[in-house]
Amino acid sequence: MNEAPILLFGAGGQLGRELTALAHERGVPLVGLARADGDITDRAAVARALKTHRPGLVVNAAAFTAVDRAESETVAAFSANAEGPAILAEATAEARIPLLHVSTDYVFDGSKPGPYVESDPVAPLGAYGASKSEGEVCIRALQPHHVILRTAWVYGVHGANFLKTMLRLAAERDVLRVVADQRGSPTATRDLAEAILAVRAALMAGAEPWGTYHVAGQGETTWHGFASAIIAEQARFTGRSPIVDAITTAEFPTPARRPANSVLDSARFAAIFGYRAKPWQERMREVVATLMAQRVP
């Protein structure tokens, strides 16, 4: 693989923006396309983008990620999460360009007691997970030169995410009620971006590490534990310490069912690519500090 650029679909999302920034920082050539510039469900637009930019690697960070809305907007979810990836897989295979696709912990049902490994059977609980699972199936069938990265509980400086919601609520409320019976591994977009560049480096070195991998923050916690840590960290900057009450999933009903266990084992990725995400607590502190520094006085 030569110094051809990464072609990034989904450049406007929280991961896309993080990857664009990190690639620029590292001097890695990258062309980022937001949906208006490169809709993955538009076969002609995808073909045009590949012909125009001649990438060495295509990264798909585009997705329908509104988990609850997916229950009522199933057609849109499957279009973005299954049909779009299938179009990308077919086009990149024909052009002989490797494809890296970002997937999710929601392909699992959360019934396993311990961390999920890549070979565990998928059993999505809702439309979002089912659409992402179908996207994985399409890619495996159509594009042999693929890397699928499953991740979980994604947060960062950009876009909308749980951490930023907690910061906003901490400024508005004195009591927060957060689910304490769902476990996972909070994953910073910075670590995902680092992982993607680690895959690119391996491909540049001539490796053929095709397959599915898990990449998630080190450690595990509950949503309540994650929220409590965020609130404690922001208190250092704001002086505000709202109470974080633990509640059950049953006390906070949502249209979509969520896995009780979303913890992912990332050992295989670390062994193959030599990169392991930082402990989630460390990355959380970095993101909170960055966001606090951006506040308007």
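Residues numbered from 1 in each chain as written. Predicted model: local features only at pLDDT ≥ 70, side-chain atom pairs only at ≥ 80, totals over all residues. Heavy atoms only, no water.

Chemist: What is the right way to read the overall build of the chain from this model?
Modeler: Within the chain one finds 10 helices and 12 strands. In terms of overall size, the chain behaves like a compact globule, its C-alpha atoms giving a radius of gyration of 19 Å where 297 residues would be expected to give roughly 19 Å. With respect to the three principal axes, the spread of C-alpha positions in the chain is 55 × 40 × 35 Å. Expressed as a percentage of its 297 residues, the buried residues of the chain come to 52%. Partitioning the intrachain contacts of the chain with sequence separation of at least 6 by distance along the chain shows that 82% fall at a separation of at least 24. When the 30 basic and 31 acidic side-chain charges of the chain are each reduced to a single mean position, those positions are 4 Å apart. (Helix = DSSP H or I, 4+ residues; strand = E, 2+ residues; numbered from the N terminus. Rg over C-alpha atoms; globule rule 2.2 N^0.38 Å. Buried < 20%, exposed > 50% of the residue type's maximum accessible area, 1.4 Å probe, protein only. Contact = heavy atoms within 4.5 Å. Lys, Arg positive; Asp, Glu negative; His and termini not counted. Charge placed at Lys NZ, Arg CZ, Asp CG, Glu CD.)

Chemist: Looking at this structure, I do not really get the sheet that holds strand β1 (residues 6-9). What am I missing?
Modeler: In a beta sheet, neighbouring strands are held together by backbone hydrogen bonds and run either parallel or antiparallel to one another. Read across the open sheet, the 6 strands follow the order β2-β1-β3-β4-β5-β10; overall the sheet is parallel. The outermost strands of the open sheet, each flanked by one partner alone, are β2 (30-33) and β10 (211-214). Averaged over all pairs of adjacent strands, the angle between strand axes in this sheet comes to 20°, irrespective of strand direction. Two elements, strand β3 (residues 57-60) and strand β4 (residues 99-104), share 3 bridges in a ladder whose sense is parallel. The partner of Val58 across the bridge, within β4, is Leu99. Most of the contacts of helix α2 (residues 43-53) go to β1, to which it runs at about 155°, and overall it touches β1, β2 and β3. Relative to the sheet, helix α7 (residues 189-204) contacts β1, β3, β4 and β5 (146-151), its axis offset from that of β5 by approximately 160°. (Pairing = 2+ DSSP bridges. Axes fitted to C-alpha atoms, helices over the stretch in contact; angles between N-to-C directions.)

Chemist: Can you help me understand α2 in this one?
Modeler: An α-helical segment advances 3.6 residues per turn. Residues three or four places apart therefore align on the same side. Listed in full, the buried residues belonging to α2 are Ala45, Val46, Ala49 and Leu50. In a view along the axis of α2, the buried residues occupy a sector of 135°, so they form one face of it. With respect to the buried face of α2, the exposed residues turned more than 90 degrees away are Arg48, Lys51 and Thr52. In the core, the buried residues of α2 are packed alongside β1, β2, β3 and α4 (74-95). Capping the start of α2, Asp42 holds a side-chain oxygen 3.1 Å from the backbone nitrogen of Ala44, two or three residues further along. At the exit of α2 stands Arg54, carrying a positive phi of roughly 45°. (Arc of directions from axis to C-beta. Polar contact = N/O pair within 3.5 Å; in protein donor to acceptor, adjacent residues only side chain to side chain.)

Chemist: Explain helix α10 (residues 280-293) to me, please; I cannot follow it from the model alone.
Modeler: With 14 residues, α10 ought to run about 20 Å at 1.5 Å a step, and its terminal C-alpha atoms sit 20 Å apart, in line with that. Turning to α10, its buried residues are Trp280, Arg283, Met284, Val287, Val288, Leu291 and Met292. Buried residues in α10, looked at end-on, bunch into an arc of 165°, giving them a common side. Buried residues in α10 make contact with β6 (154-155), α6 (162-172), β9 (187-188), α7, β11 (221-222) and α8 (223-238). (Expected span 1.5 Å × (residues − 1).)

Chemist: I keep staring at the environment of Ala188 and nothing clicks. Help me out?
Modeler: When you line up the elements, Ala188 lands in strand β9. For Ala188 and Arg236, which are 48 residues apart along the polypeptide, the C-alpha to C-alpha distance reads 21 Å. Apart from the residues lying within four places of it in its own chain, the contact partners of Ala188 are Tyr155 and Arg283.

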